[in-house]
Amino acid sequence: MGTDAPSVLRKIKLGQLQGAALSSTELAQVDPDAQILTLPFLFESEDEIRAVRRTVDPLMRASVEAKGMVVLGMADGGFAYLMSTQRVHSKAELSKTKVWAPQGDIIATRTFEAGGVRPVTLPTADVYVALSTGLVETVGNSPSGAIIFQWHTRLKEMVDLPMTCLIGYLVVDGKAFAKLAAAGQQIVRDEMNRVFERIDANNRRDNVAARDVLVKQGMEIVPPAPAERTEWIEVGKPDERLLR
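The notes below deal with the structure included here. In this text, all values refer to a predicted model and were calculated from it rather than measured experimentally.

A closer look at the overall build of the protein chain
Part 1 of the argument: When its secondary structure is counted, the protein chain shows eleven helices and eight strands.
Part 2 of the argument: On C-alpha atoms alone, the protein chain measures out to a radius of gyration of 18 Å, which is about the 18 Å that the 2.2 N^0.38 rule sets for 244 residues.
Part 3 of the argument: In terms of its C-alpha atoms, the protein chain occupies a principal-axis envelope of roughly 55 × 35 × 30 Å.
Part 4 of the argument: Among the 244 residues that make up the protein chain, the fraction classed as buried is 45%.
Part 5 of the argument: For the protein chain, long-range pairs separated by at least 24 residues make up 72% of all intrachain contacts whose partners lie at least 6 apart in sequence.
Part 6 of the argument: Surface exposure of the protein chain reaches about 12,500 Å², of which carbon and sulfur atoms provide 55%.
Part 7 of the argument: A gap of 4 Å separates the mean positions of the 29 positive and 31 negative side-chain charges of the protein chain.

With respect to the environment of lysine 91
Part 1 of the argument: Mapped onto the secondary structure, lysine 91 falls in helix H4 (residues 91-94).
Part 2 of the argument: Taking the relative accessible area as the measure of exposure, lysine 91 reaches 16% and is therefore buried.
Part 3 of the argument: Expressed as a C-alpha distance, the spacing of lysine 91 and phenylalanine 112, which sit 21 residues apart in the sequence, is 9.9 Å.
Part 4 of the argument: In this structure, lysine 91 is in contact with Gly115, Glu228, Glu231, Trp232 and Val235, ignoring residues within four places of it in sequence.

So, the pattern of salt bridges
Once the charged atoms of two side chains with opposite charge are near each other, the side chains can pair.
Part 1 of the argument: Enumeration over the complete set of coordinates arrives at nine salt bridges.
Part 2 of the argument: The salt bridge partner of aspartate 57 is arginine 53, with a shortest N-O separation of 2.8 Å. Of this pair, aspartate 57 and arginine 53 both sit in helix H3 (residues 46-66), separated by four residues, roughly a single helical turn.
Part 3 of the argument: Residue class for arginine 53 comes out buried when judged on its relative accessible area of 10%.
Part 4 of the argument: In this structure, arginine 53 engages aspartate 200 in a salt bridge whose closest nitrogen and oxygen atoms are separated by 2.9 Å. Of the two residues, arginine 53 is situated in helix H3 and aspartate 200 in helix H9 (residues 182-216); the sequence distance between them amounts to 147 residues. Summarising the burial analysis for this pair, arginine 53 and aspartate 200 share the class buried.
Part 5 of the argument: Connected through salt bridges with shared partners, the residues Arg53, Asp57 and Asp200 form a single ionic network.

Examining unusual backbone geometry
Excluding glycine, residues mostly carry a negative phi; peptide bonds, for their part, are mostly trans.
Part 1 of the argument: For phenylalanine 41, which is not glycine, the phi torsion reads 60 degrees and is therefore positive.
Part 2 of the argument: Structurally, phenylalanine 41 can be placed in the loop between helix H2 (24-27) and H3.
Part 3 of the argument: The buried category is assigned to phenylalanine 41, whose relative accessible area is 12%.
Part 4 of the argument: If you check the backbone angles, glutamine 150 has positive phi at about 65 degrees while not being a glycine.
Part 5 of the argument: Topologically, glutamine 150 is positioned in the loop between helix H7 (143-148) and strand S6 (157-159).

Quick notes on the side chain of aspartate 173
Part 1 of the argument: Along the chain, aspartate 173 falls in strand S7 (residues 164-173).
Part 2 of the argument: Buried charge without a partner: aspartate 173 forms no salt bridge, and the closest opposite charge is lysine 175, 6.4 Å away.
Part 3 of the argument: When residues no more than four places from it in sequence are discounted, the contact partners of aspartate 173 are Ile12, Gln18 and Gly68.

Calculation notes
Residues numbered from 1 in each chain as written. Predicted model: local features only at pLDDT ≥ 70, side-chain atom pairs only at ≥ 80, totals over all residues. Heavy atoms only, no water. Helix = DSSP H or I, 4+ residues; strand = E, 2+ residues; numbered from the N terminus. Rg over C-alpha atoms; globule rule 2.2 N^0.38 Å. Buried < 20%, exposed > 50% of the residue type's maximum accessible area, 1.4 Å probe, protein only. Contact = heavy atoms within 4.5 Å. Areas by Shrake-Rupley, 256 points an atom, 1.4 Å probe, with all protein chains shown as cover. Lys, Arg positive; Asp, Glu negative; His and termini not counted. Charge placed at Lys NZ, Arg CZ, Asp CG, Glu CD. Salt bridge = Lys/Arg side-chain N within 4 Å of Asp/Glu carboxyl O.

Just distances and angles here, no functional claims.
The following block contains the structure:
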């Protein structure tokens with residue numbers, strides 16, 4: 001939702017809207033814990049994400065509900081990777097490029113800063129133009145996300161190091177949801193759970209296919225050196241630098 005997220009949340013609070021699809025960064029305006037699964041370098045594989053989500057998803061839903069909203073679905077969009085118009089084989093090379101961080105994403109901004117990179121913060125909707133004009137040279141996104149937004153037409157290289165898990169939420173206002181009978185609420189929850197299980201499965205397949213497409217279209221996928229991988233994982237540890 002980009003720059004519209006604050007106004008959407010405000011309209012939900014005023015009763016002018018009853019729900020929205022939000023990124024973890026956007027939902028963090030309601031519940032800061034919404035970003036718990038998206039801390040940098042927290043996971044190394046999709047299997048790890050799925051295992052942790054079996055425990056964390058119910059806790060996350062309860063946390064958001066305590067803030068007045070009901071989570072009808074959580075979608076795993078896969079891992080975000082660094083992609084660039086420039087060579088970024090190391091943190092030193094990365095620091096010489098113009099790196100994008102999503103507007104309002106404090107964790108992403110502080111992670112880059114802890115790694116010696118001062119990012120350019122922009123709404124997602126502005127990134128394609130920023131890549132076209134050179135305002136931004138390096139971005140983070142999933143393989144399928146880079147294609148959906150057409151960013152891949154401007155990018156040349158992807159660093160093969162999962163940065164963060166991308167989680168999206170479908171939420172509705174708790175007061176509006178409470179107007180449904182208990183049986184109706186359960187039907188909605190059960191059906192949406194089935195829908196989002198299919199969405200997660202589709203997203204996983206789409207990212208595998210998108211990665212192949214990126215390679216076929218000339219993007220170079222570069223594995224980081226072991227020392228670089230270790231340094232970035234250390235930078236991304238969820239300590240005071242990221243959470244305060």
